[in-house]
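So you can see what is in the structure, the chains are spelled out below.
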Amino acid sequence: VIPGWFSEISPMWPGEAHSLKVEKILFQGKSDYQNVMVFQSSTYGKVLVLDGVIQLTERDECAYQEMITHLPLCSIPNPKKVLVIGGGDGGVLREVSRHSSVEKIDICEIDKMVVDVSKEFFPDIAVGFEDPRVTLHVGDGVAFLKAAPEGTYDAIIVDSSDPIGPAQELFEKPFFESVAKALRPGGVVCTQAESIWLHMHIIEDIVANCRQIFKGSVNYAWTTVPTYPSGMIGFMLCSTEGPHVDFKHPVNPIDEDDSQQSARPLKFYNSEIHTAAFCLPSFAKRAIGSK
Ligand code: AAT
């Protein structure tokens, strides 16, 4: 460990640790679920860390939050009811808000401290909570989905931390089953699905489960996030039986002229990168396959 630097050390990526130079530690706390830290970095703005793992930085959060949100929402016409699991920082909410067809946004985040810390230190991200369509539920996403009425949501976005700690069950089969139940026919889910460089075994398990559970489309897409392990992260996009969803060809592009877009223009997402996100390196294509 280098003094004055934060190194992201975890058994989930043994033998490597990306480091950022720390200017100042702004917050350190312990919630019921995890250790929460915020620091000012030299080159990536403020950084949110949970249990030693980087959740976001101000500089590159757009590449994750925009993609995990618009990949599913731009793939279906007129999304109205959206559920976010995790995502207590508010960044995914901020992105969902760009869609004027959306009428209701539920969010279920397990850790209230993440929400409070985001509101204090990341106002440009927590701004997502200010949308009147948003209802915050503080609790476990697994329990929330078990209790959710069937066929409710057009889209579910699982912005979850890694499968060590409170998010473990969000990567397991029963959770995906309740996601499928809570979606309307032809509804879509997008879940954080780790890195093809580091976690192919996790991805293969998720793909196998999703192929059994989701009778529509099942696809893996990815984005670059310099401060996430291996510099990239992927998403599992699935649809339930019903109207066909072709994730690779977005039918609901975000209108660039919309007034909300000009006040806060998209930094990363566009229709070309949407389609490109589904192109996989050959080694990943072989392991994941396509359907
Ligand atoms: N948008 C920032 C990126 C994240 S945040 C993941 C969120 O999921 C955290 O706020 C965490 O508290 C929440 N969470 C974890 N488990 C649960 C659960 N069971 N129910 C509801 N919310 C939960 C993801 C960063 C990915 C990091 C990649 N290395």
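Rules and cut-offs
- Residues numbered from 1 in each chain as written.
- Predicted model: local features only at pLDDT ≥ 70, side-chain atom pairs only at ≥ 80, totals over all residues.
- Heavy atoms only, no water.
- Pairing = 2+ DSSP bridges.
- Helix = DSSP H or I, 4+ residues; strand = E, 2+ residues; numbered from the N terminus.
- Axes fitted to C-alpha atoms, helices over the stretch in contact; angles between N-to-C directions.
- Contact = heavy atoms within 4.5 Å.

As summarised here, the arrangement of the seven strands in space is β8-β7-β6-β9-β10-β12-β11, forming an open sheet in which the pairing is mixed. A single partner strand is all that each edge strand has here, and the edge strands are β8 (134-138) and β11 (218-224). Taken pair by pair, the neighbouring strands of this sheet meet at an average axis angle of 15°, ignoring direction. Pairing between β11 and strand β12 (residues 232-239): seven bridges, direction antiparallel. Note on β12: the bridge partner recorded for Trp222 is Gly234. Each of β6 (81-86), β9 (153-159), β10 (183-192), β11 and β12 is contacted by helix α1 (residues 61-73), which is oriented at about 155° to β9, the strand it contacts most. Along the sheet, helix α6 (residues 173-182) contacts β6, β9 and β10; its crossing angle with β10, the most-contacted strand, is approximately 140°.

Moving residue by residue along a regular strand, the side chains alternate between the two faces of the sheet. Both strand β1 (residues 5-7) and strand β2 (residues 19-30) contribute to a ladder of three bridges, which runs antiparallel. When the sheet's bridge partners are listed, Ser7 is paired in β2 with Ser19. The sheet contact formed by β2 and strand β3 (residues 35-41) spans seven bridges and is antiparallel. Looking across to β3, one finds that Lys30 is bridged to Asn35.

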